[in-house]
Amino acid sequence: VGEGGSALNPAGGEIVHGTGVIGFAGEVRALPYAEAGETGVYGAGQVGVKGAGSTGRGGVFASERSAQLQLVPAPRTRIVEQESFIPTVATEPGRLGPSLPKAGRGGDLMALSDDQGQCSLWFCVHGSRRDAPARWTQVLLGPAFDGRD
């Protein structure tokens, strides 16, 4: 039997509390400080925020006046030269591209990994319609190289 616990809202008051056989079950209440134009959800830890969808998306980000997602660049030393390369496209035998959701929505971004651990990145350029499946394109990247840090 779990002892339970709680999480406090920085603006004051409890936002999650739980006890029971599971160890922690809870209820989430609106965060008053988030309504004032600040961060709506904040996660800090080894994994800050994790979303997992069983049949839907793991996360949805929307904005009318700004980018939907910001990845804050990690600083590195200046890269002064770039090598030229001829991009290649991932395919399955006998067809262009891998199996991707035909019910994709424009703007979907999907990372895939094959049975060899090779990853590729795909972007939905046109959402599905009644008469046509979604259209996807591979996000072409530069040549792969081994990490050093």
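Quick caveat, the model's predicted, so the values are computed rather than measured.

Draft legend 1. Representation of the overall build of the protein chain. Within the protein chain, the secondary structure is distributed over zero helices and five strands. Taken from the N to the C terminus, the helices and strands of the protein chain come in the order β-β-β-β-β. Counting every position in the protein chain, which comprises 149 residues, the buried fraction comes to 13%. Pairs at least 24 apart in sequence give 23% of the contacts found in the protein chain among residues at least 6 apart. A total accessible area of about 13300 Å² is found for the protein chain, and carbon and sulfur atoms account for 52% of it.

Draft legend 2. Representation of the pattern of salt bridges in the model. The tally for this structure, following the rule as stated, stands at two salt bridges. Close ionic contact of Arg 57 with Asp 108 constitutes a salt bridge, the shortest N to O distance being 2.6 Å. Residue Arg 57 is found in the loop between β2 (14–20) and β3 (109–113), and its partner Asp 108 is found in the loop between β2 and β3; the two are separated by 51 residues along the sequence. Put simply, Asp 131 and Arg 129 hold a salt bridge, and the shortest N to O gap is 3.4 Å. Judged by relative accessible area, Asp 131 falls into the exposed class, the value being 66%.

Draft legend 3. Broad picture of the layout of surface pockets. Taken as a whole, the largest pocket encloses approximately 680 Å³ of empty space. Lining the largest pocket are 20 residues, with Gly 59, Phe 61, Gly 107, Asp 108 and Leu 109 positioned closest to its centre. Every element with two or more residues in the lining of the largest pocket is listed here: β3 and β4 (119–126). The element that contributes the greatest number of residues to the lining of the largest pocket is β3, accounting for three residues. Residues of the lining of the largest pocket, tallied by class, amount to twelve nonpolar, five polar and three charged.

Draft legend 4. Looking closely at the sheet that holds strand β5 (residues 135–138). Across the sheet, three strands lie side by side as β3-β4-β5; this open sheet has antiparallel pairing. What marks the edges here is a single partner per strand, and that holds for β3 and β5. Adjacent strand axes in the sheet meet at a mean angle of 35 degrees when their direction is disregarded. In this sheet, β4 lies alongside β3 in antiparallel orientation, the contact comprising five bridges. Of the residues in β4, the one forming a bridge with Leu 109 is Phe 123.

Draft legend 5. Broad picture of the side chain of Asp 108. Residue classification places Asp 108 among the buried residues on the basis of a relative accessible area of 15%. Setting aside residues up to four positions removed in sequence, Asp 108 forms contacts with Arg 57, Trp 122, Phe 123, Cys 124 and Trp 136.

Draft legend 6. Examining the confidence of the model for the protein chain more closely. Residues of the protein chain with pLDDT of at least 70 account for 75%, and the chain-wide mean is 78. Every residue in residues 13–28 is under pLDDT 50, and counting partners more than four places away or in other chains gives 40 contacts.

Scoring rules and cut-offs
- Per chain, residue numbering runs from 1 following the sequence as it is written.
- Two thresholds apply to this predicted model, a pLDDT of at least 70 for residue-level local features and 80 or more for giving and counting side-chain atom pairs, whereas whole-chain, interface and lining totals are computed over all residues.
- Values reported for side chains reflect all heavy atoms of the structure, with hydrogen atoms and water molecules removed beforehand.
- A run of DSSP states H or I qualifies as a helix once it reaches four residues; a run of E qualifies as a strand once it reaches two. Both are numbered from the N-terminal end.
- For the exposure calls, accessible area comes from a 1.4 Å probe over protein chains only, and a residue counts as buried if that area is under 20% of its type's maximum, exposed if over 50%, partly exposed in between.
- Whether two residues are in contact is decided by their heavy atoms, any of which lying within 4.5 Å being enough.
- Every accessible area reported is derived by Shrake-Rupley at a probe size of 1.4 Å, with residue values counting cover from the shown protein chains alone.
- We count a salt bridge whenever a side-chain nitrogen from Lys or Arg sits within 4 Å of a carboxyl oxygen from Asp or Glu.
- Both cavities and pockets are sets of points on a 1 Å grid over the protein atoms alone; in a cavity a 1.4 Å probe fits but cannot get out, in a pocket the set is open with protein on both sides within 12 Å along at least five of seven lines, and lining residues sit with an atom within 4 Å of a point.
- Grid points are joined across faces, edges and corners, and a volume is the space filled by probe spheres set on the points.
- Three residue categories are used. Nonpolar comprises Ala, Val, Leu, Ile, Met, Phe, Trp, Tyr, Cys and Pro, charged comprises Asp, Glu, Lys and Arg, and polar comprises the others, including Gly.
- Should DSSP find at least two bridges between two strands, the strands are taken to pair.
- Think of each axis as a best-fit line through the C-alpha atoms, taken over the contacting stretch in the case of a helix, with angles from 0 to 180 degrees between the N-to-C directions.
- Known as pLDDT, the predictor's confidence for each residue is given on a scale from 0 to 100.

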